[in-house]
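# Examining the three-dimensional arrangement
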Amino acid sequence: MLNKNSFTEKDLLLLASKGCEDSFTNLFHLYKDRLYTFVLRLTNSEEQTLDLIQDIFMKLWMNRSVLATVDNLGSYIFRSARNNIINSFKRAMNEASILSELQAPNNLHKDVEINFEYKILESKFKNVVKKLPPQQRLVYTLSRDQGLKHEEIAQQLHISTSTVKNHMVEALKNIRMFLKNELDIAEFY
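Residues numbered from 1 in each chain as written. Predicted model: local features only at pLDDT ≥ 70, side-chain atom pairs only at ≥ 80, totals over all residues. Heavy atoms only, no water.

In the structure shown here, the tally under the stated rule is two salt bridges. Notably, a salt bridge pairs D55 with K165, separated by 2.4 Å at the nearest N-O pair. Residue D55 is found in helix 3 (residues 46-62), and its partner K165 is found in helix 8 (residues 161-183); the two are separated by 110 residues along the sequence. Judged by relative accessible area, which is 26%, D55 ranks as partly exposed. (Salt bridge = Lys/Arg side-chain N within 4 Å of Asp/Glu carboxyl O. Helix = DSSP H or I, 4+ residues; strand = E, 2+ residues; numbered from the N terminus. Buried < 20%, exposed > 50% of the residue type's maximum accessible area, 1.4 Å probe, protein only.)

Right under this line is the structure:
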């Protein structure tokens, strides 16, 4: 590992932009605690905070070539965190809204046609969940149907929390793709 005291932040950014993992690791350690505090204060969820921090640094590493152009990494990271939190809240609100509509068929009994369409949609949705790869389907079901957190699912299945998260991301991506292609829904959640 590089001695972070012998490099300026700009030096570390330049090295990281060229793929130096040690430089990136030093930048991560430089900001992770402040970022954790910032994100936790906004989300009030340790699990969500850790997921968001992982996403931020994962995206930063995937797009590391832009690091050479960053003048103030702190501002860049905290702006990214703020945007990720806003997007996360939007997704959660959309998902909660759609799921509550899907789980409240009593409101739909007023109109037989709407009730029929609901049953078709519900059936198609269940079929797309059934078509997910087994591990994705299991993780999705444990999360959405049983309300387990990623950490609880990881413990139950004896896999890492990041593996659980990856399965959820892929499951939701597959479900969104189905909804977009089959049902002509542009944005699901």
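More follows now that the structure is in view.
Glancing now at the nonpolar core. F24, L35, F57, L60, L67, L73 and I77 are the most contacted members of the largest nonpolar core, which has 20 residues in total. At six residues, the largest contribution of residues to this core is made by helix 3. Not counting the four nearest positions on each side in its chain, F24 is found in contact with A16, F57, L60, W61 and L67. (Core = buried A, V, L, I, M, F, W, Y, C linked by side-chain atoms within 4.5 Å. Contact = heavy atoms within 4.5 Å.)

Right, let's talk about the packing of helix 6 (residues 134-144) against helix 7 (residues 150-157) for a bit. Running from N to C, helix 6 and helix 7 cross one another at 130 degrees; their axes reach a closest spacing of 10 Å. Comparing the axis directions of helix 6 and helix 7 gives the class oblique. As helix 6 runs across helix 7, the sense of the crossing is right-handed. On helix 7, the residues touching Q135, L138, V139, L142 and S143 of helix 6 are I153, Q156 and L157. (Axes fitted to C-alpha atoms, helices over the stretch in contact; angles between N-to-C directions. Parallel < 35°, antiparallel > 145°, perpendicular 65-115°, else oblique. Left-handed = near helix turned anticlockwise from the far one by under 90°.)

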